[in-house]
Amino acid sequence: MKHLLKLGDLSREEIYSILNLADQLKYERKNGIRKDYLKGKTLGMIFQKSSTRTRVSFEVGMYELGGYALFLSNRDLQIGRGEPVEDTARVLSRYLDGIMIRTFEQKEVEDFAKYGSVPVINALTDYCHPCQVLADLMTIREYKGSLKGLKMCFIGDGNNMANSLMVGALKTGMSFSIACPENYRPDAALTAWAQGEEFKGRFTLTSSCEEAAKDADVIYTDVWASMGEEGEKEIRAKAFQGYQVNEKLMSLAKPDAMVLHCLPAHRGEEITADVFEAHAEEIFDEAENRLHAQKAVLCKLMK
Ligand code: CP
Ligand code: NVA
């Protein structure tokens, strides 16, 4: 594993190996065991979009591993004024041991990896959010013991989260069902992959929330309008009416179903305040696990 650009690039074994290391790092942190696995290493963190969890967990993660993280905002970098990615990637590779990027186009992250010479980590694009899904899988395994055979249901926009969850769930042996309005389906190529022979009977794409949620072990949702889509807020609010995780929907899932949300959450839109609070422990464990899962990724790529 040279980079983390999207989950589809990782084998099942690589995903499980990251999850196992994340569990170990969480255990060490909880028990006050501190090991400088990345002593003296530097990570550049380029943000072209806002972030709370990703920024803080990567920065703290590098510190805890004995390394150093630099926050690089698009507003300050020359890339924000049009310096080409291929030049920025080659320059930064001379200073840094790793680069983390949050941006719009997936191609930009792929180009960083192509032109640079250090590991590149995708910290969210419009296409996918692999770091989040590694933390999600880690959390599900903590609560349920194992992943294989579980059913994950996603309600809402076929966005970056849906794309990555679909890959993460299917690769680790879970079933995946997604309910979204017809014009807001997940990536077409990924859908075709999920509908392939390998995952026969384990993937459902529907516009019916009831169908998707039936007997689910995990219910997942995300905002109706992602970062960069603020201008479509009203159109989307209409399109997503009914695509909400609420008590009624939860009654269709398994009685012990978990609820996960990558956050930030919009109560009263994709999830009700009641359901959110009833599952707050799971959701904030999930947020915490960003730290452990990303430390594992950093170790795998930079150690
Ligand atoms: N879930 C997530 O990536 O959160 P941030 O946007 O706060 O980083
Ligand atoms: N789909 C959301 C996820 C935020 C973590 C967005 O891209 O804004």
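Here the structure is shown first, and the text comes after it.
Residues numbered from 1 in each chain as written. Chains lettered and ligands numbered in written order. Predicted model: local features only at pLDDT ≥ 70, side-chain atom pairs only at ≥ 80, totals over all residues. Heavy atoms only, no water.

**Q** Sorry, what's going on with the site of ligand 2 here?
**A** Close to ligand 2 lie L124, H129, N159, N160, D222, S226, M227 and L263, which account for all nearby residues. Take S226: an N or O atom from its side chain is 2.7 Å from a nitrogen atom of ligand 2. Contact between ligand 2 and M227: an oxygen atom at 2.8 Å from a main-chain N or O atom of the residue. Relative to its free-state accessible area of 270 Å², ligand 2 is covered by the protein chains to the extent of 94%. Its residues placed into classes, the shell around ligand 2 shows three nonpolar, four polar and one charged. (Near = heavy atom within 4 Å. Polar contact = N/O pair within 3.5 Å; in protein donor to acceptor, adjacent residues only side chain to side chain. Areas by Shrake-Rupley, 256 points an atom, 1.4 Å probe, with all protein chains shown as cover. Nonpolar A, V, L, I, M, F, W, Y, C, P; charged D, E, K, R; others polar.)

**Q** Please explain the sheet that holds strand β3 (residues 98–102) as it appears in this structure.
**A** Across a sheet, paired strands are connected by hydrogen bonds in the backbone, their directions being either parallel or antiparallel. Overall, parallel pairing links the four strands, which are arranged β2-β1-β3-β4 in an open sheet. Single-partner strands in this sheet number two, and they are β2 (68–73) and β4 (120–122). Pairwise comparison of adjacent strand axes, ignoring direction, gives a mean angle of 20° for this sheet. Here strand β1 (residues 42–47) runs beside β2; their pairing, made up of six bridges, is parallel. In the sheet register, I46 faces β2, and the bridge partner there is L72. (Pairing = 2+ DSSP bridges. Helix = DSSP H or I, 4+ residues; strand = E, 2+ residues; numbered from the N terminus. Axes fitted to C-alpha atoms, helices over the stretch in contact; angles between N-to-C directions.)

**Q** What is the right way to read the site of ligand 1 from this model?
**A** Around ligand 1, a shell composed of S51, T52, R53, T54, R102, H129, Q132, C262, L263 and R290 is seen. R53 is positioned such that a nitrogen or oxygen atom in its side chain is 2.8 Å from an oxygen atom of ligand 1. Measuring from a nitrogen atom of ligand 1, one finds a backbone N or O atom of L263 at 3.1 Å. In the complex, 95% of the free accessible area of ligand 1, which totals 250 Å², lies under the protein chains.

**Q** For this particular structure, what's the right way to read the packing of aromatic side chains?
**A** The description of two aromatic rings rests on the distance between their centres and on the angle between their planes. The full count for this structure, using the stated rule, is eight aromatic pairs. Judged by centre distance (4.8 Å) and plane angle (50°), the rings of Y184 and F240 are tilted. Here F240 lies in the loop between α9 (233–239) and α10 (247–250) and Y184 lies in the loop between β6 (175–179) and α7 (188–194), a separation of 56 residues in the sequence. Both residues of the pair, Y184 and F240, belong to the buried class. Seen from their ring centres, F240 and Y243 are 6.3 Å apart, and the 85° between their planes marks the pair as edge-to-face. Residue F240 is classed as buried on the basis of its relative accessible area of 0%. (Phe/Tyr/Trp six-rings, centres within 6.5 Å; stacked < 30°, edge-to-face > 60°. Buried < 20%, exposed > 50% of the residue type's maximum accessible area, 1.4 Å probe, protein only.)

**Q** Would you mind going over the packing of helix α5 (residues 130–144) against helix α6 (residues 160–171) with me for this structure?
**A** The axes of two packed helices give the description: the angle between them and the distance between them. For the pair α5 and α6, the least separation of the axes is 9 Å and the interaxial angle reads 50°. In terms of axis orientation, α5 runs oblique to α6. In the crossing of α5 with α6, the sense of the turn from one axis to the other is right-handed. Between α5 and α6, the residues in contact are P130, Q132, V133, D136 and L137 and M161, S164, L165, G168 and A169, respectively. (Parallel < 35°, antiparallel > 145°, perpendicular 65-115°, else oblique. Left-handed = near helix turned anticlockwise from the far one by under 90°. Contact = heavy atoms within 4.5 Å.)

**Q** What's the story with the packing of helix α2 (residues 53–64) against helix α12 (residues 280–302) in this structure? I'm lost.
**A** Put simply, α2 and α12 touch, their axes get as near as 9 Å, and they point 55° apart. Taken together, the axes of α2 and α12 are oblique relative to one another. The hand of the α2/α12 crossing is right-handed. Counted together, R53, T54, S57, F58, V60, G61, M62 and E64 of α2 and A287, R290, L291, Q294, K295, L298 and M302 of α12 form the full contact between these two elements. Within the contact of α2 with α12, the residues separate by chemical class into seven nonpolar, four polar and four charged.

Just distances and angles here, no functional claims.
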